[in-house]
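Secondary and tertiary structure notes
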Amino acid sequence: MNELEALPEDSLNPVNTQTWANGRHVVRCVKVIQETHDVKTFCFMSQTPIMFFFKPGQFVTLELEIGGEQVMRSYTMSSSPSVPYSFSITVKRVKNGLVSNWLHDNLRVEDEIAVHGPVGNFNCMDFTTDKALFLSGGVGITPVMSMARWWYDTNSAVDMKFVHSAQTPKDIIFKKELELMASRIDNFELSIICERYDTGESWHGYRGFLNQQLLELMAPDVLQREVYCCGPEPYMRAVRAMLTDMGYDMSRYHEESFGETPPEAIEDAEESAELAQIADELPQAGFCVEFIDEGMSVTVTENETVHAASTKLGIHVPKACGMGICGSCKVKLLTGNVNMEHNGGISEEEIEEGYILSCCSKPLDDVSIET
């Protein structure tokens, strides 16, 4: 008997998850990270496991309701698809910025929002290279950080030079992570330029603005590198002019503006949001999930899990992996039937005793649960 024949059949089953596709998705905020004094990272996951695979550098469009009005705004994902079960956006609070201020002041862990995407032509998969130069200004660091994280996490041999411009040392986004990456691998070189530093701040790096002299010092072989650039329009305009003056082949230059949301992204998002609203207004077929201990019940659709039902009711059922591996979301099925697609997180004996994993169990009829 060979090794494969000796393994339990369940251990050969693939993880039961779906793959992200362009469209409308409801996601849940699972973490908020204060990156700098005016920049936050918001991390999202799906209630049921979804692999959020995208091309590093792409963006999503958020569908929000602010002041009773529907608002669409696009943000580049700062995370890497190498961490596939969640994605993140990194947002700078902008003075008088409607969406950025709303996100900073209102979006909390466990809140749900709708997102559309992923889309975008600015990425490092469609424009591959062996030698990359990342140029970013301010919060324009987000798409190139996604690219750098992807190549770092996948142990790529790409020779990366990362040049970031910030106003002051306290405005450097992802500073510790960038320094860690530079310290761990020899194919990632970091250079940071600060426009100024305030009284009491210590800064021993480059000062001023990115110019040709500084660029040639930090990346002497710039003409041999693929350039990925993102930042405020004046910054990118200056970079384009500088590279042109240096005789750079601009067919190898790629940029992304993080300003206005592309009109086509708004149109696509509004259309799918309208379809979702129509679907919500139609009578919804579903099954009743009753939690006996709490004396509460809710109706779920055929694609929703028992754990999703508990979340809707505010009932705390522990969950870690969300894929039926860890077993932490175990509950007892008292009546009814479910379709449970687990990945080894529950034994046959437990199943015979009536236990299920709530994260990967979808009701097939009305059910009652003991938590």
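Here is a short report on the structure shown in this document. (Residues numbered from 1 in each chain as written. Predicted model: local features only at pLDDT ≥ 70, side-chain atom pairs only at ≥ 80, totals over all residues. Heavy atoms only, no water.)

Quick notes on the overall build of the protein
Per the secondary structure count, the protein includes 9 helices and 21 strands. Across the 371 residues in the protein, those meeting the buried criterion constitute 47%. Taking as baseline every contact in the protein between residues at least 6 positions apart, the subset at least 24 positions apart corresponds to 69%. Surface exposure of the protein reaches about 18,600 Å², of which carbon and sulfur atoms provide 49%. (Helix = DSSP H or I, 4+ residues; strand = E, 2+ residues; numbered from the N terminus. Buried < 20%, exposed > 50% of the residue type's maximum accessible area, 1.4 Å probe, protein only. Contact = heavy atoms within 4.5 Å. Areas by Shrake-Rupley, 256 points an atom, 1.4 Å probe, with all protein chains shown as cover.)

Regarding the sheet that holds strand β11 (residues 188-194)
Sheet strands pair via backbone hydrogen bonds, and the direction of the pair is either parallel or antiparallel. Reading across the sheet, the 6 strands line up as β12-β11-β10-β9-β13-β14 and stay open at both edges, with parallel pairing between neighbours. Only two strands of the sheet have a single neighbouring strand rather than two, namely β12 (206-207) and β14 (253-256). Relative to β14, strand β13 (residues 226-230) is paired through 4 bridges, and the arrangement is parallel. Residue pairing across strands places Cys-229 opposite Glu-255, the latter belonging to β14. (Pairing = 2+ DSSP bridges.)

Considerations on the environment of Asp-171
The topology assignment puts Asp-171 in the loop between β10 (159-166) and α4 (175-184). The exposure class of Asp-171 is buried, given its relative accessible area of 12%. Here the alpha-carbon distance between Asp-171 and Asp-38, two residues 133 residues apart in the chain, equals 8.1 Å. Dropping the residues within four chain positions of it, Asp-171 is found in contact with Thr-36, His-37, Asp-38 and Ala-166. A distance of 2.7 Å separates the side chain of Asp-171 from the side chain of Thr-168, its partner in a polar contact. (Polar contact = N/O pair within 3.5 Å; in protein donor to acceptor, adjacent residues only side chain to side chain.)

Some words on the pattern of salt bridges
All chains considered together, the criterion is met by 20 salt bridges. Glu-189 is the salt-bridge partner of Lys-161, the closest N and O atoms lying 2.8 Å from each other. Here Glu-189 lies in strand β11 and Lys-161 lies in strand β10, a separation of 28 residues in the sequence. Relative accessible area serves as the criterion here: at 39%, Glu-189 is assigned to the partly exposed category. Of the charged contacts in the structure, one is a salt bridge between Glu-233 and Arg-240, with a shortest N-O distance of 2.8 Å. For Arg-240, a relative accessible area of 24% translates into the label partly exposed. Among the ionic contacts, a cluster of salt bridges with common partners joins Lys-131, Asp-159, Asp-221 and Arg-225. (Salt bridge = Lys/Arg side-chain N within 4 Å of Asp/Glu carboxyl O.)

Section: the environment of His-104
Looking at the secondary structure, you find His-104 in helix α2 (residues 98-106). According to the relative accessible area criterion, His-104 is buried, its value standing at 3%. Considered as a pair, His-104 and Phe-42 are 62 residues apart in the sequence and their alpha carbons are 9.3 Å apart. A distance of 2.9 Å separates a polar side-chain atom of His-104 from the backbone oxygen of Val-91.

Notes on the packing of aromatic side chains
Tallied over the full model, the rule gives 11 aromatic pairs. Where Trp-20 meets Phe-52, the ring centres are 4.9 Å apart and the plane angle is 85 degrees; that geometry is what we call edge-to-face. Of this pair, Trp-20 sits in the loop between β1 (18-19) and β2 (23-36) while Phe-52 is found in the loop between β4 (50-51) and β5 (59-66), placing the two residues 32 residues apart along the sequence. Of the residues examined, Trp-20 reaches a relative accessible area of 6% and is grouped as buried. According to the relative accessible area criterion, Phe-52 is buried, its value standing at 1%. With 5.2 Å between their ring centres and 20 degrees between their planes, Trp-20 and Phe-87 make a pair best called stacked. Of this pair, Trp-20 sits in the loop between β1 and β2 while Phe-87 sits in strand β7 (residues 87-92), and the two are 67 residues apart along the sequence. Through a chain of ring-to-ring contacts, three or more aromatic side chains come together here, namely Trp-20, Phe-44, Phe-52, Phe-54 and Phe-87. (Phe/Tyr/Trp six-rings, centres within 6.5 Å; stacked < 30°, edge-to-face > 60°.)

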